[in-house]
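The residues making up each chain are set out below.
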Amino acid sequence: MERKIRVLIAKPGLDGHDRGAKVVARALRDAGMEVIYTGLHQTPEMIVDAAIQEDVDVVGLSLLSGAHMTLFIDVARLLKKKGMDDVLIIGGGIIPEEDIPRLKKEGIKGVFGPGTLCEDIVDFIKKNVKK
Amino acid sequence: MFDEKELENIKKKKVDWENNCYSEHVKKHPERKKKFENLSWEEIKQLYTPDDISHLDYLKDIGFPGLYPFLRGIHPTMHRGRLWTMRQFSGFGTAEETNKRYHYLLEHGETGLSVAFDYPTLYGYDTDHPFARGEFGKCGVAVSSLKDMEILFKGIPVDRITTSMTINGPAAIIWAMYIANAENRGIDRRVIGGTIQNDILKEYIAQKSFIFPPEPSMRLIIDTFEFGSKEVPRWNTISISGYHIREAGSTAVQELAFTLGNGLEYVRWAMKRGLKLDDFAPRLSFFFNAHNDFFEEIAKYRAARRIWARELKKLGAKKPRSLYMRFHTQTAGCTLTAQQPEINIIRVTIQALAAVLGGTQSLHTNSMDEALALPSEKAVRIALRTQQIIAEESGVTNTVDPLGGSYYIEWLTDKMEEECYKYWDRVEQLGGVLPAIEKGFFQREIAKSAYKYQKEIDEKKRIIVGVNKYQLDEPIEIPILKMDEKGEERQINRLKKLRKERNNQKVERNLKRLRKAAEGDKNLMPFILDCVHSYATLGETCQVLRDVFGEYKEPVIY
């Protein structure tokens, strides 16, 4: 049997807006993936540790506080440093268009703003995940 | 409410209409959908008539504005007497930048202030704390000490303008800074008016910016009730909030039920402390969301007024003011779309109109660019102008509760009230509000609704213009707010300087006294005020309370 895609949904920083993270977590689970949700208030170190522990294929970051340019990038760099180059990193939240090119360059392959349909995230993961 | 004979006649004619006129018509021209539902998934019929509200007694259930049960409004004249306060929630970067925005908004006709704090402040951390990394000034202004508060309100007449502050975990400390700033400017604390959100229950349920566990948090809140009713009589010491519950994905019914349920929980705690209901109840205020379903929102505000008045009366409130469900409204941030952001102006207009027709006391209208970033000056001005057009041009303020008496509105108001009581029964079965939080009941109910709503959008059962219908593939052209890049550095330097120049012996002494008081059961407000006056920082003061009270960790539920 083919191994299910394993996804870590994480909330870095102090932001408490968890509606999006929870909805996406459920949608990915309903799409047949294995989902681990970290809960709130995670430091980049905690997220990367969890990604290693859980041996995930995808890390999904959710942040609506505007701190994405610091915290998303911290997580991406730390994952790389720990040798998790194969992990697909995606992110979502209140993210201005102009921030997206820089995030992509830092390794956040998919950036999803408000109004994203869950099926688009599912498709994106299926197309881009390395297994 | 209707003459029995006349009602019988109406019922008969309605059956006729259904069987003949309506049925014949839909045979040839079917309705667009099999089932019409509002945002709480309540089925809505094609027509409402006197038959749907025949059980209501006008004098008992509807009545007059300014009189019990206040369904039609808390004041006899409502917006004919005084318009709602136009209060735009704002804050970003340094205190200097936000102060400039406040002056800008007041110059353009805003009538009250509303402070958004950044995440470190909301969690009681100073800007230089490691957990503050990346968060400085991002979704609000950073206030780490009385120094920042002084800058934030520079040139603003705090004796005349009321200020609402969205702060919960460290509400007592931030409020103390506001009081201290006024006092240092020679303004009596009895004169200042405003609101602290100070509603920790909805933090556990929805917004999640909590610090301490429930019991000590409730103690702090009751301390502010007690202190406020004696010392700062014009201050609303709590804003019991449904807004965030709704933003987290609840339905309108859940918002109504959970918010008023939380309100009664605060009342119970305050009474347990021995406070007199009529001393603190007049200073309880509410905060609701204005979402997309126009009539449902209006019915929600009306139902909230009637339920609150009834429950407070049951508890023994005597003053009419104790029975008032006074509320602020904000249009629903979660309905804003990043796609075609300009059309958010129309969404906000409809939502704001619902709040006004529902009898709000103050209103925030969201800016069109808020699904992308904090609002630019122009966007926030248009949002404010939206309120001004409703107030000055639309004519909806000419009479009180213009939708009162509509068969549909009265039926829906009643229905929402009924559903609210059903939720309260379920919470009671779980042992009350705090046990229900610990068991994750509210969190699970909200997550379920949020997922169902999103699924309907994904499946195009629910249409969001510009998102799953009428999409446009063109780049978004909207200017984004730019913040001072050197702001964080300046703020950290200010903090360092403050810690060096203040009387540190005095700070230490005051923090020690606060710790001792926190370990006992004295009202903490006077001790917090002493700390703040001596320029102890938010982080230092909060750390003392963290040491004594511990920190809350939430159950992970999705």
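Remember, predicted model here, so these are calculated numbers, not experimental data.

Caption draft 1: Expanded view of the overall build of chain A. Along the backbone of chain A there are 5 helices and 5 strands. Counting from the amino terminus, chain A carries its helices and strands in the arrangement β-α-β-α-β-α-β-α-β-α. Relative to the compact-globule value of 14 Å for 131 residues, chain A shows a C-alpha radius of gyration of 13 Å, a close match. Here the C-alpha coordinates of chain A stretch approximately 40 × 35 × 25 Å along the principal axes. For chain A, with 131 residues in total, the buried portion stands at 54%. Put simply, 72% of the contacts in chain A that link residues at least 6 apart link residues at least 24 apart.

Caption draft 2: Representation of the domain arrangement of chain B within the structure. All names here are of chain B. Domain annotation of chain B identifies domain 1 (4-59) and domain 2 (63-458). Put simply, the middle of domain 1 and the middle of domain 2, counted by C-alpha atoms, are 36 Å apart. The interface of domain 1 with domain 2 comprises 11 residues on the first partner and 14 residues on the second. Residue classes in the side of domain 1 that touches domain 2 are distributed as 6 nonpolar, 3 polar and 2 charged.

Caption draft 3: Structural detail: the nonpolar core. By size, the foremost hydrophobic cluster in this structure holds 187 residues, and its most contacted members are Val59 of chain A together with Val143, Ala176, Met177, Ile528 and Val532 of chain B. A total of 11 residues in this core trace back to one element, the largest contributor, which is helix 6 (residues 171-184) of chain B. Residues within four places of Ala176 of chain B in sequence aside, it is in contact with Met525, Ile528, Leu529 and Val532 of chain B.

Caption draft 4: Looking closely at helix 19 (residues 504-519) of chain B. All names here are of chain B. For helix 19, built from 16 residues, the straight-helix expectation of 22 Å at 1.5 Å per residue is met to within 8% by its first-to-last C-alpha distance of 23 Å. Of all the residues in helix 19, the buried ones are Asn510, Leu514 and Ala518. End-on view of helix 19: buried residues confined to an arc of 75°, all on one side of the axis. What points out from helix 19, more than 90 degrees from its buried face, is the exposed set Gln505, Lys516 and Glu519. Elements that come into contact with the buried residues of helix 19 comprise helix 20 (525-533) and helix 21 (538-549).

Caption draft 5: A look at the interface of chain B and chain A. Across the contact, 33 residues belong to chain B and 28 residues belong to chain A. Secondary-structure elements contributing two or more residues to the side of chain B that touches chain A are helix 4 (119-122) and helix 17 (441-458) of chain B. Broken down by element, the side of chain B that touches chain A gets its largest block of residues, 5 residues, from helix 17 of chain B. Each residue belonging to the side of chain B that touches chain A can be placed in one class, and the counts come to 19 nonpolar, 8 polar and 6 charged.

Caption draft 6: A look at the sheet that holds strand 4 (residues 194-196) of chain B. All names here are of chain B. Across the sheet, which stays open at both edges, the 9 strands sit in the order 5-4-3-2-1-9-8-7-6 with parallel pairing between neighbours. Two strands bound the open sheet, and with one partner strand each, they are strand 5 (235-236) and strand 6 (238-241). Summarising the sheet, strand 2 (residues 112-116) and strand 3 (residues 163-166) pair through 4 bridges and their orientation is parallel. Residue pairing for strand 3: Val115 is matched across the bridge by Met165. Strands in contact with helix 14 (residues 377-392) are strand 1 (85-90) and strand 9 (362-364); relative to strand 1, the strand with the most contacts, it is inclined by about 160°.

Caption draft 7: Fine view of the packing of helix 19 of chain B against helix 21 of chain B. Residues and elements named next belong to chain B. Where helix 19 contacts helix 21, the two axes come as close as 9 Å, and the packing angle between them is 30°. What the angle tells us is that helix 19 and helix 21 run roughly parallel. Two packed elements cross with a definite hand, and for helix 19 against helix 21 that hand is right-handed. The residues of helix 21 that touch helix 19, namely those facing Leu511, Leu514, Arg515, Ala518 and Glu519, are Glu540, Thr541, Val544, Leu545 and Val548. Partitioned by chemical class, the residues of the contact of helix 19 with helix 21 number 6 nonpolar, 1 polar and 3 charged.

Conventions used here
Residues numbered from 1 in each chain as written. Chains lettered and ligands numbered in written order. Predicted model: local features only at pLDDT ≥ 70, side-chain atom pairs only at ≥ 80, totals over all residues. Helix = DSSP H or I, 4+ residues; strand = E, 2+ residues; numbered from the N terminus. Rg over C-alpha atoms; globule rule 2.2 N^0.38 Å. Buried ≥ 20, exposed ≤ 12 C-beta atoms within 10 Å, placed from the backbone. Contact = placed C-beta atoms within 7 Å. Domains from an automatic or database assignment. Nonpolar A, V, L, I, M, F, W, Y, C, P; charged D, E, K, R; others polar. Core = buried A, V, L, I, M, F, W, Y, C linked by C-beta atoms within 7 Å. Expected span 1.5 Å × (residues − 1). Arc of directions from axis to C-beta. Pairing = 2+ DSSP bridges. Axes fitted to C-alpha atoms, helices over the stretch in contact; angles between N-to-C directions. Parallel < 35°, antiparallel > 145°, perpendicular 65-115°, else oblique. Left-handed = near helix turned anticlockwise from the far one by under 90°.

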